[in-house]
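Residue strings, one per chain:
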Amino acid sequence: NPQVTGVDLFGSGSMSEINFSENHIVMMSNNLSLRVGLKKLSFDQVIKKEISGNIILIKIKAQCENIKLTIPQFKFELKAKNVVLGEAQWRPEIESSALRIPSKGWTLEPFHCSGLDGIDAQITELVRSNLTETAELNHFIEGWLASQLQSLWIESLDKIFKLNAQGMKITRIDAPRALGLVAVGEMPIKRNLEIRIREVQLDEVSSVKPQLVFSQEGFAAILEDNLWKQVPASYNLQNNASFKKLMNSRFLQSFVWPDLKRYPSNTPFYVMPDPENSALLLEKDNSNNLRLHMRALGTLQTTIQYAQITYLNWDLNLTAPLSLTLNQGDLSLKTGNATSSLNWYFSPFYSLLYKPEPKIDTSVMEPSIRGLFENVSVIQKLPSLNFNNREYKLNQLRQTNDLITMDWQ
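All values reported here derive from a predicted model rather than from experimental measurement.

Conventions adopted
- Residues numbered from 1 in each chain as written.
- Predicted model: local features only at pLDDT ≥ 70, side-chain atom pairs only at ≥ 80, totals over all residues.
- Heavy atoms only, no water.
- Helix = DSSP H or I, 4+ residues; strand = E, 2+ residues; numbered from the N terminus.
- Buried < 20%, exposed > 50% of the residue type's maximum accessible area, 1.4 Å probe, protein only.
- Contact = heavy atoms within 4.5 Å.
- Areas by Shrake-Rupley, 256 points an atom, 1.4 Å probe, with all protein chains shown as cover.
- Pairing = 2+ DSSP bridges.
- Core = buried A, V, L, I, M, F, W, Y, C linked by side-chain atoms within 4.5 Å.

Trainee: Is there a simple way to explain the overall build of the chain in this structure?
Mentor: Helix and strand content of the chain: 7 helices and 22 strands. Split into buried and exposed, the 409 residues of the chain put 41% on the buried side. Sequence-distant contacts, at least 24 apart, represent 64% of the contacts inside the chain between residues at least 6 apart. Element-wise, carbon and sulfur atoms account for 48% of the exposed surface of the chain, whose accessible area totals about 23100 Å².

Here's what the structure looks like:
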C-alpha cells in the first residue's frame, strides 16, 4: 500500500438539509466539493505487464510529489447524537457518516514521480488507481468531513452564546428538538420585572429560517421601555392654551377648577409621569390587530412660596392603535389617536394643608397627559446574527397566538 506524507484538504459548499429530532441531528449536503493535496506519495509494489504475449512482473519503487486531486461534487450525510452534559449543556457526538462520490468523480492533475525510467505511464496509472479506487482514502476523507462538521457545530454554538448585540444575552441553548435549535436569552428592561416565555410549539415557528421569538408580554415590556424614552419627565400645563386661558380667568375657575383661585396666573403646574408604577399591555382588536392598553400613573406638581409640592395624583387609562413595522433589524412603533379616562385625587399632604374644594373638570388637563403617549414614534434596534462573515438581520414580523416572531434573513 502507498505511504502518504503531508495531506491538505479544502472543502467548500453548504448543508442542503438539517433535520432535528429529540435525540439526533442529521445533516445532508448534495453540493460539496473537495480539493486534496498530497505532499509526497511513496510506494513499493509489483505490477504485471504484458510484453509480446508474456506476463512480466515488475517491482516498482517510486516516489511522487505534489499530487492534487479534486472532487467537483459529491454527497455527504452525517448523523450525530445529542449528548446532554448537564443543565443547559449538550454537544453533538458523531454516530455515523456516509460519503457518496460519483463514479469517476475524481480529477487528478498532472504530477511527477521518480523511479525507474521508461515506465512513467505505468507509474501514473498505478498512482491513479491507488488514489481513486481505494476505500482507505474515502474513509480518510469521510472522517475528516465528519470532524470538520462537528467542530463547526461547536463553534456555531459558541457564537450563539456570544450573541450580545443591543443588550441581548444568551443564557442557554436547549438540546435540539423537532422544531430545531432553541436558544433562550434575555433583554434587560428598566422596570424590576421578569417575564418568561412559555414553551413554543412546532406549528408556531418556522422550520426553514432562524427566528427571534418573543412572548406578547415580553414584547410589550420592551416596547414600554422604548415608549417611556420618548415621554418627557415633566410637562408644564401652562404650555396648554386651554389651561393658560383658565389661569387668567377667575370666573372660569369657579366652574372648572375652583382651587386655582389661590394661585397667581403664571404659576407652573408640572405633569410628572411615574414610569415605575405604570403598566403597558398589548391586546388584539376584533380585526386581530395589536392595540396598546396602558395605565399611566403620575403627579401634578406646583410651587408654593418657592417650594415644589405634589398637588394631586393622577391615573390615566389609555387605549391606542399600534402600528409595527420591521425592516433590516429596525423595529418601528407608532401609536395612533388614543381614547382615555382620567382619575385624580389631591395629595394627602396638600389636602391636609389647604382643604381644597374637590372639583376639577378633567377635560382641562387630560388632553395634555394623554398627548404624552399618543402619536409617538419609537425605533428599537434588534440583534443581528453573524455567521461565516455574513450578517443576518431581522425581518417579517408575525403574530401567532400570544407570540411575536421575526425571521433572521
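That was the structure; now back to the text.
Trainee: Whenever I open this one, unusual backbone geometry confuses me. Can you help?
Mentor: In most cases, non-glycine residues show a negative phi, while peptide bonds are predominantly trans. Residue Asn375 is not a glycine yet carries a positive backbone phi of 55°. Relative to the helices and strands, Asn375 is located in the loop between α7 (366-370) and β18 (377-381).

Trainee: Honestly, the pairing of strand β12 (residues 269-273) in this entry has me stumped. Any pointers?
Mentor: Along any regular strand, the residues point their side chains to alternate faces of the sheet. Burial along β12 is one-sided: the face carrying Phe269, Val271 and Pro273 is buried and the face carrying Tyr270 and Met272 is not. Bridge count for strand β11 (residues 235-236) against β12 is 2 bridges, and the pairing is antiparallel. Looking at the pairing, Tyr235 lines up with Val271 of β12. Pairing between β12 and strand β14 (residues 290-304): 5 bridges, direction antiparallel. Bridge assignment links Met272 to a residue of β14, and that residue is Thr299.

Trainee: Is there a simple way to explain the nonpolar core in this structure?
Mentor: Considering soluble globular proteins, one finds that nonpolar side chains tend to be buried as a cluster. Of all hydrophobic cores here, the largest spans 58 residues; its most connected members are Phe219, Trp257, Phe269, Leu300, Tyr311, Leu312 and Phe373. Per-element accounting of this core gives the leading share, 10 residues, to strand β15 (residues 307-327). The next biggest cluster of nonpolar side chains, apart from the first, holds 32 residues, and it includes Val36, Leu38, Cys113 and Ile141.

Interpretation note: all reported values are geometric properties and have no functional meaning in isolation.
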